[in-house]
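Survey of secondary and tertiary structure
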Amino acid sequence: MLGLSLSSIAANNDRKASTILAYIVYMGSLPEVEYFPTSNPHRTLQQVIKESSVADSLIRSYKKSFDGFAAKLTNEEVRKLASMKEVVSIFPNRILHLHTTRSWDFMGFNNSVRHNPIIERNVIIGVIDTGIWPESPSFSDEGFGPAPKKWKGACWGGKNVTCNNKIIGARFYQSSQLILEGSARDETGHGSHTASTAAGNEVKDDSFFGLAQGTARGGVPSARIAAYNVCGPNGRLSLGHSVSVEFVDDVIAIGSFHAMEKGILTLHAAGNNGAAGVYGVSSVAPWMLSVAASTIDRKFIDKVVLGNNKTLNGLSVNPFTSKGTKLPIVYGREVSRSCPEFYAGMCNGSCVDSNLVKGKIILCDRFLGSLAADNAGAAGSIVLSDHYDNVSFVMALPAVALNKRNYILVKSYVNSTNVLHSGQPDITAPGVDILAAYSEIAPPTWPMDKSKNPNGEISYGAGHINPIKAINPGLVYEALKEDYIKLMCSLGYSHDSIKLVSGDNSSCPKSSEDVPPIKLNYPSLTFRVPTNQSFTVTFHRTVKNVGLANSTYKAEVSSNPKLKVKVIPDVLSFKALEEKKSFNVTVSGEGLKDEFMLSATLIWSDGTHIVRSPIVVHAYPNRSPNV
């Protein structure tokens, strides 16, 4: 017994001396019958970790959508687990990133729209983000009855978080401690913002210190919310990877695949890098609904009034007023401690000397300079809007972001004098910058104006979603689990790789039954063509009638002189609901230059419904052959 004890102590000491990180151990899909896990996390871990360390290693076991667990492991323990037959794959814990009173009105979903509270109160929206602030009026349960009978979740909100009949579920999933340790409470605001945008109650006379006053509400105010805090201080699910990754390496794609099997729709942020164009979308799994952020029809405009009475417009959201006070302005290089000129001009972190900025406004060559100005105790800041066009951010001090032209004008002014008058925020349009959604796979949408950005169609998909028309789309494009399996087969995924996503023994059919991306029954029609070569591409699609039993749809294609588009047949006649009809769309044109694209639009209409599909052919290189 003594020998066994000494051996265990030695093993534990060796483990403590090793690098230990958090991993997700994926054991595959659950049986279709009532949950009965094929593996026990404790028993599995005992095979690679001594008994005394198992309890400290296990972080979480997964029991609802798939079989698996999260644990803190050494490299050697990961290697041993990966060799076990019952283990499908192991993922290291990764940092993912976070990619109102007006937004729903902007999309045509205003307060006059009729709601069905009985149906809506059975809707449950799970928000996987930074948690929730349950005391907010947006989440009051006044007037709500008990949770729907179909709800099988739990309220384990941790420290100081309780649920009600509005927030019916709360959990926290962190492998490291937060300031508010062990809690689903939102300490950053992002999770509460997204939850209230989706399903927040109506809150009248809401505003940000008097700005954007109105009624704040979610799209479905009567819906219930289950809030999940999955984000540590360095990561944020409007959450996602910074770039697209292969399905087998994408835990969000894998998790949403299991949700899709159970009839649950996953909405996921497309990414925060839209300026990168075709490479900017990080959420590419076709069984998810990718959603992007856009600006709307209003802005927060801040005025900067120079001492020579010249007024410049910039962007920011802040409730501060100058009350006519004139303040001196200093360039970042003038108040630097000992930083190189380049970093001093940007007001980088510790470069700003707090002893030199009291009562002054700092001019910074980058947007994030306002943070350093605030930390140093400056009276205000003027920053270059170097990354974000037409977006206003909340500022912690009187600050404004200027475009390059106006910023250079201020710099020139500073060279001649150093007195500035900063005015209060001036709302010139009924607006604030907030999350707005578009969908590449939900057909009725507003087409965007591609004349403003000829290569933008691949970034904004089908345009802004129209929430009212989306309820009754007329026609739908269906794709099922087996279609996605065939898609992965056509992309070159092996049986073992597909198992990494599906978690079961789904196998590839005969090659003739594969579904390459061009054949996936997707509403958008997109294809990559070789550069500088004429092309002819044919898309085959099938639509199902969910509108009127007896209806006839006619095809209409937007004109593009560089593309020839032919639809056969160009008339679809339906005699019953659920009836399906197929058609081909052939697109031809001359060769495209490298990293160039052409677009058109296909619309099916019966006079009542408008079903729109974007058509895009492009010559961008394929950076990831299996995505």
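Residues numbered from 1 in each chain as written. Predicted model: local features only at pLDDT ≥ 70, side-chain atom pairs only at ≥ 80, totals over all residues. Heavy atoms only, no water.

With respect to the pattern of salt bridges
Under the counting rule described, the total for this entry stands at 10 salt bridges. Note that E76 is salt-bridged to R79, the shortest N-O span being 2.4 Å. Taken together, the residues span about one helical turn, with E76 and R79 both in helix 4 (residues 75–82) at a distance of three residues. A salt bridge links K581 to E579; the shortest N-O distance between them is 3.6 Å. K581 gets classed as partly exposed once you look at its relative accessible area, which sits at 28%. Assessed through its relative accessible area of 22%, E579 is described here as partly exposed. Residues participating in the shared-partner salt-bridge network are E478, K544, E578 and K580. (Salt bridge = Lys/Arg side-chain N within 4 Å of Asp/Glu carboxyl O. Helix = DSSP H or I, 4+ residues; strand = E, 2+ residues; numbered from the N terminus. Buried < 20%, exposed > 50% of the residue type's maximum accessible area, 1.4 Å probe, protein only.)

Observations regarding the packing of aromatic side chains
One pass over the structure, following the stated rule, counts seven aromatic pairs. Ring geometry for F342 versus Y343: centroids 5.3 Å apart, planes at 80 degrees, classification edge-to-face. Relative accessible area serves as the criterion here: at 54%, F342 is assigned to the exposed category. On the basis of relative accessible area, Y343 is assigned to the partly exposed category, the value being 39%. The positively charged end of R121 is found above the aromatic ring belonging to F144, 5.0 Å away from the centroid. (Phe/Tyr/Trp six-rings, centres within 6.5 Å; stacked < 30°, edge-to-face > 60°. Lys NZ or Arg CZ within 6 Å of the ring centre and 35° of its normal.)

A look at the nonpolar core
Within the largest apolar cluster, 27 residues are counted, with the highest numbers of intra-cluster contacts made by F247, F257, W287, M488, Y493 and V501. For this core, the secondary structure elements donating two or more residues are helix 8 (251–261), helix 14 (481–490) and helix 15 (495–502). Contacts of F257, omitting those with residues within four sequence positions, involve W287, K481, Y484, I485, M488, V501 and S502. Counting residues in each nonpolar core, the second largest holds 26 residues, with L525, F535, V585 and L592 among its members. (Core = buried A, V, L, I, M, F, W, Y, C linked by side-chain atoms within 4.5 Å. Contact = heavy atoms within 4.5 Å.)

Examining the environment of A253
By the element assignment, A253 lies in helix 8. By relative accessible area, A253 is classed as buried at 0%. Along the sequence, A253 and T266 sit 13 residues apart, while their C-alpha atoms lie 9.5 Å from each other. When neighbours within four sequence positions are excluded, A253 is seen to be in contact with F247, A285, W287 and M288.

Quick notes on the sheet that holds strand 25 (residues 535–545)
If you walk across this open sheet you meet the four strands as 23-25-29-27, and the pairing is antiparallel. A strand with exactly one partner marks an edge of an open sheet, and here the two such strands are strand 23 (475–476) and strand 27 (563–568). Two strands pair when backbone bridges link them, and strand 27 and strand 29 (residues 580–589) are joined in this way by six bridges, in the antiparallel orientation. Along strand 29, the bridge assignment pairs I568 with N584. (Pairing = 2+ DSSP bridges.)

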